[in-house]
Number of protein chains: 2
Amino acid sequence: MDMTQREEGAASEWVNEPVEERDPSLLMHTERPFNAEPPNSALREMITPKGKHYRRQHTPVPVVDEDAYRVKVGYEGKELHPFSMAELRQHPERDIAVTMMCTGNRRSEYNTEEDGDTMGLPWKNGSISTARWGGTLLADVMRAAGIDQDSAEAAGYNFATFWGIEDYHISVPLRKAFDKHGDVILASKMNGEKLPRDHGFPLRVVVPGYVGARSVKWLDRVVLTKEETVGMHQRGIAYKQLPPNLKDITEIPKDQIEALPPIDRVPITSAITAPEPDSQVKRGDSLTIAGYAYSGTGHAVIRVDVSIDGGATWEQAEIMRADETQGLRSGKAWAWVQWTYTITVPKEAAGTLDICCKAVDDQYNQQPHGISAIWNIRGILNTSWGRVQAHVVDGSRL
Amino acid sequence: MDMTQREEGAASEWVNEPVEERDPSLLMHTERPFNAEPPNSALREMITPKGKHYRRQHTPVPVVDEDAYRVKVGYEGKELHPFSMAELRQHPERDIAVTMMCTGNRRSEYNTEEDGDTMGLPWKNGSISTARWGGTLLADVMRAAGIDQDSAEAAGYNFATFWGIEDYHISVPLRKAFDKHGDVILASKMNGEKLPRDHGFPLRVVVPGYVGARSVKWLDRVVLTKEETVGMHQRGIAYKQLPPNLKDITEIPKDQIEALPPIDRVPITSAITAPEPDSQVKRGDSLTIAGYAYSGTGHAVIRVDVSIDGGATWEQAEIMRADETQGLRSGKAWAWVQWTYTITVPKEAAGTLDICCKAVDDQYNQQPHGISAIWNIRGILNTSWGRVQAHVVDGSRL
């Protein structure tokens with residue numbers, strides 16, 4: 001059960017779903033609304049292939065007429081300034097590789113007999129994907145709407161609140177929205193093409209370095225507010241991590257949840273995308289271990305450690321970055337890294353290779369090793385070491 | 001051995017040490033240069049008592065004439081603008097509670113038979129302390145020296161490089177130095193009094209949210225540079241964390257070290273300051289467990305989890321903050337939190353309480369559980385769970 005999304009409802013609401021955009025290889029968690037993740041083969045690509053991006057929908061996908069469409073921008077309680085798509089295109093275009101990750105990525109690993117089940121879709125490795133997003137800097141559009149950062153902050157406007165056409169809404173700090181190094185864009189393109197409907201056609205926000213939930217799709221308006229918006233996805237339980245000892249959500253007072261900060265920037269994480277779990281590998285054969293690693297805030301991944309003995313010993317993987325703008329000292333490493341590490345399966349290997357990975361970012365943030373100490377009833381931010389087991393066999397048994 | 005500090009040298013160099021500023025309760029690691037840490041009793045105070053702050057000196061303490069003193073500010077290769085203390089005082093004064101932590105804090109715990117010895121002073125819990133620092137925003141002083149952020153950045157000046165009178169020098173990103181939410185100050189006061197000589201009299205930099213090493217004491221000049229400064233404390237090994245499998249520093253190529261980013265912002269960490277290690281505790285008695293928790297970048301600590309069974313189960317500690325400006329959503333939580341958790345020692349407790357703590361910050365960054373996977377030859381950033389054992393006895397045995 002995931003109470004952050006609506007129930008399926010009447011069949012008539014779903015007749016306009018963009019089924020043609022959805023690759024059949026996706027692992028579907030719910031069809032209505034559509035929530036699905038790519039297979040490991042797609043997760044091993046720096047830019048996720050078309051149709052294979054993960055989908056995290058809360059509602060039916062809205063149908064939008066691009067010509068009639070306007071995004072509205074302004075202060076709460078005042079008249080908003082409408083912009084057509086053509087007007088947005090008058091500003092300089094940005095094209096940025098950005099990884100979107102759902103806070104629920106790798107939730108399924110939390111659901112163990114020992115620690116108990118969590119609430120939400122049981123994502124595996126794949127509620128994460130990466131695209132090049134093209135669009136206009138939000139800061140440019142806000143200025144075109146007559147908004148000056150210093151004046152807004154001085155008047156107590158601390159948040160940019162994004163509303164989607166389908167009524168999903170969240171807030172991000174105004175400081176991030178205006179940050180000239182923050183790269184927040186109103187995106188109309190994904191990998192050089194118009195946005196697919198599943199990904200927010202005709203216009204979405206892309207908030208680099210933040211969790212996917214902040215990058216509102218089918219954008220209706222950007223409203224400067226003094227407080228965070230009210231609602232489950234901002235102040236409520238959707239993106240709050242509770243302590244491991246709180247096992248029953250009904251025992252947790254609402255004000256205790258609302259007092260917590262929302263998850264904006266993903267802590268350092270990594271995962272293994274090859275070999276597949278419980279593969280068989282042959283003594284003496286070459287084995288390439290692969291995966292991704294990602295840290296929010298624009299922190300660059302500087303190192304990925306890989307172990308084949310459950311973390312007793314480590315070696316370093318080779319790292320590939322999205323492009324030269326996302327380097328170690330950029331502060332703007334908005335995309336994941338892809339990494340590989342190739343071994344020869346030891347002749348003396350017995351039984352099982354307990355393969356682990358963990359990443360380190362440019363501020364030397366570290367991943368926790370296991371799930372028990374970070375387990376939480378909402379099952380979010382499983383940023384523990386990636387783990388996969390491979391079973392060692394002789395050639396004749398393969 | 002700590003190769004980041006000079007050798008003791010001739011006795012005549014040390015005749016001007018401010019010995020009267022140094023509380024006798026400090027645990028001294030080296031006398032010349034003076035490196036010492038407070039006892040746990042002092043670490044339990046929100047503002048560390050006078051004389052009991054940790055000291056991390058690389059050289060003898062310089063003797064400076066305040067009246068003749070000038071701090072120089074400007075672009076590399078151009079004439080620098082000198083400011084007297086009186087001129088600095090013409091700008092608005094800021095007073096901010098800031099924790100300074102050495103990257104080597106808790107290094108001693110790394111030095112185990114299993115993992116091997118690390119290089120550097122064997123700090124326990126205490127290469128960390130907190131003061132209220134008073135002074136002038138560096139951004140105001142740079143502007144008074146005729147420096148404009150946008151022009152500087154456009155011309156490729158990406159760093160503010162700080163030089164101390166004793167020749168210690170490091171760089172911080174210019175973006176941090178100018179950030180209006182960054183609170184970088186040139187401090188002339190510590191807890192309302194003139195800076196003690198040990199802490200940088202007459203003027204030091206305080207870079208909130210960054211490791212102590214970036215807050216240069218006895219400041220001689222602030223120079224805008226295009227590149228990071230050259231030297232051990234910036235590009236060299238001093239503040240770089242290597243992977244756990246590199247056990248021999250002579251095997252590591254210099255360019256591999258220089259390619260790593262320096263440690264600027266401390267990842268989330270915490271430690272236990274009560275009870276003392278290996279205390280005896282009595283069944284049925286009340287026991288208050290106490291400690292601190294800190295995260296760099298201005299991230300607020302939102303939760304501290306405490307376990308008395310080695311991390312099998314957790315409860316939450318009560319948290320105290322430095323002041324109301326350092327709250328959960330401030331982004332400017334520059335000081336540690338102090339925390340306490342009181343239990344009754346269980347009647348059925350047998351043998352040993354394995355007390356652990358771990359903290360979570362406002363971006364839900366987590367601490368790694370143990371040292372082996374983060375062990376590194378320089379012994380820095382031991383941000384693993386805090387751990388202390390207490391031995392349970394009957395009343396008659398105390």
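1. So, the overall build of chain A
Then, in step 1: Helices and strands together make up the secondary structure of chain A, namely six helices and 22 strands.
Then, in step 2: Relative to the globule expectation of 21 Å for 398 residues, the C-alpha radius of gyration of chain A, 22 Å, shows essentially globular dimensions.
Then, in step 3: C-alpha extents for chain A along the principal axes are approximately 70 × 50 × 45 Å.
Then, in step 4: Within chain A, contacts between residues at least 6 apart in sequence are counted, and of these 71% link residues at least 24 apart.

2. Re the interface of chain A and chain B
Then, in step 1: In this assembly, 34 residues from chain A lie in contact with 34 residues from chain B.
Then, in step 2: Contributions of two or more residues to the side of chain A that touches chain B are made by strand S17 (301-307) and strand S18 (315-316) of chain A.
Then, in step 3: At three residues, the largest contribution of residues to the side of chain A that touches chain B is made by S17 of chain A.

3. Notes on the confidence of the model for chain A
Then, in step 1: Mean pLDDT over chain A works out to 95, with 99% of the residues at or above the 70 mark.
Then, in step 2: Taken over the whole predicted complex, pTM reads 0.96, whereas the ipTM for its chain interfaces reads 0.95.

4. Details of the nonpolar core
Then, in step 1: Residues Leu-138 and Leu-186 of chain A together with Leu-138 and Leu-186 of chain B are the most contacted members of the largest nonpolar core, which totals 203 residues.
Then, in step 2: When near neighbours in sequence (up to four residues on either side) are disregarded, Leu-186 of chain B contacts Val-71, Leu-88, Gly-135, Thr-136, Leu-138, Val-141, Leu-203, Val-205 and Leu-219 of chain B.

5. Regarding unusual backbone geometry
Then, in step 1: Each neighbour pair has its own omega, and for Arg-32 of chain A with Pro-33 of chain A the value is -5°, a cis peptide bond.
Then, in step 2: With respect to the helices and strands, the residue Pro-33 of chain A is situated in the loop between strand S1 (27-30) and strand S2 (35-37).
Then, in step 3: Located in the positive-phi region is Arg-106 of chain A, a residue other than glycine, with phi close to 65°.
Then, in step 4: With respect to the secondary-structure elements, Arg-106 of chain A resides in the loop between strand S6 (93-101) and strand S7 (128-137).
Then, in step 5: Assessed through the 25 C-beta atoms surrounding it within 10 Å, Arg-106 of chain A is described here as buried.
Then, in step 6: Here Asp-183 of chain B, not a glycine, exhibits a phi torsion of approximately 60°, which is positive.
Then, in step 7: Mapped onto the elements, Asp-183 of chain B comes out in the loop between helix H5 (174-178) and strand S10 (185-190).
Then, in step 8: Overall, the presence of 22 C-beta atoms within 10 Å leaves Asp-183 of chain B in the buried class.

6. A word on the relation of the copies chain A and chain B
Then, in step 1: Mapping chain A onto chain B calls for a screw motion: a turn of 180° about the axis and a shift of 0.0 Å along it, with 0.0 Å RMSD after fitting. Both chain copies can therefore be described as sitting about a two-fold axis. Minimal C-alpha separation from the rotation axis in chain A is found for Pro-368 of chain A, amounting to 2.2 Å.
Then, in step 2: Mapped onto chain B, 100% of the interface residues of chain A are again interface residues, and the two copies thus contact each other with one and the same surface.

7. Overview of the sheet that holds strand S20 (residues 337-344) of chain B
Residue and element names in this part refer to chain B.
Then, in step 1: Across the sheet, which stays open at both edges, the four strands sit in the order S14-S16-S20-S19 with antiparallel pairing between neighbours. Taken across any chain shown, the strands that pair with only one partner, and hence form the sheet edges, are strand S14 (269-274) and strand S19 (318-320). Recorded for the sheet is a direction-independent mean angle of 25° between the axes of neighbouring strands.
Then, in step 2: Pairing between S14 and strand S16 (residues 286-294): five bridges, direction antiparallel. In the strand pairing of S16, Ala-274 is matched with Ala-290.

8. Considering the sheet that holds strand S5 (residues 81-83) of chain A
All names here are of chain A.
Then, in step 1: As summarised here, the arrangement of the five strands in space is S5-S4-S13-S8-S9, forming an open sheet in which the pairing is mixed. Each having just a single partner strand, S5 and strand S9 (169-173) make up the two edges of the open sheet. Within the sheet, the average angular offset between the axes of one strand and its neighbour, ignoring direction, is 20°.
Then, in step 2: Bridge count for strand S8 (residues 159-164) against S9 is five bridges, and the pairing is antiparallel. Residue pairing across strands places Phe-159 opposite Pro-173, the latter belonging to S9.

9. Describing the pairing of S10 of chain B
All names here are of chain B.
Then, in step 1: Across the six residues of S10, five count as buried, placing the element largely inside the fold.
Then, in step 2: Here three bridges tie S10 to strand S12 (residues 204-206), and the two strands are oriented antiparallel to one another. By the bridge assignment for S12, Leu-186 is matched with Val-205.
Then, in step 3: Following S10, the chain reverses through two residues before pairing antiparallel with strand S11 (residues 193-194); Asn-191 in that reversal takes a positive phi of roughly 55°.

10. So, the domain arrangement of chain A
Residues and elements named next belong to chain A.
Then, in step 1: Per the domain assignment, the segments making up chain A are domain 1 (55-259) and domain 2 (269-397).
Then, in step 2: The C-alpha centroid of domain 2 is placed 28 Å from the C-alpha centroid of domain 1.
Then, in step 3: Counting residues at the interface gives 33 residues for domain 1 and 26 residues for domain 2.
Then, in step 4: For the side of domain 1 that touches domain 2, the element with the highest residue contribution is S6, accounting for five residues.
Then, in step 5: For the side of domain 1 that touches domain 2, a count of residues per class yields 16 nonpolar, ten polar and seven charged.

11. Description of the environment of Val-63 of chain A
Residue and element names in this part refer to chain A.
Then, in step 1: Its place among the elements puts Val-63 in the loop between strand S3 (55-56) and strand S4 (71-75).
Then, in step 2: On the basis of neighbour count, Val-63 is assigned to the exposed category, with 12 C-beta atoms found within 10 Å.
Then, in step 3: For Val-63 and Pro-38, which are 25 residues apart along the polypeptide, the C-alpha to C-alpha distance reads 24 Å.

12. Some details on the environment of Ile-96 of chain A
Then, in step 1: For Ile-96 of chain A, the position within the fold is in strand S6.
Then, in step 2: Residues Ile-96 of chain A and Leu-174 of chain A, spaced 78 residues apart in sequence, show a C-alpha to C-alpha distance of 20 Å.

Definitions and limits used
Residues numbered from 1 in each chain as written. Chains lettered and ligands numbered in written order. Predicted model: local features only at pLDDT ≥ 70, side-chain atom pairs only at ≥ 80, totals over all residues. Helix = DSSP H or I, 4+ residues; strand = E, 2+ residues; numbered from the N terminus. Rg over C-alpha atoms; globule rule 2.2 N^0.38 Å. Contact = placed C-beta atoms within 7 Å. pLDDT = per-residue confidence, 0-100. Core = buried A, V, L, I, M, F, W, Y, C linked by C-beta atoms within 7 Å. Buried ≥ 20, exposed ≤ 12 C-beta atoms within 10 Å, placed from the backbone. Least-squares fit on C-alpha atoms with pLDDT ≥ 70 in both. Pairing = 2+ DSSP bridges. Axes fitted to C-alpha atoms, helices over the stretch in contact; angles between N-to-C directions. Domains from an automatic or database assignment. Nonpolar A, V, L, I, M, F, W, Y, C, P; charged D, E, K, R; others polar.

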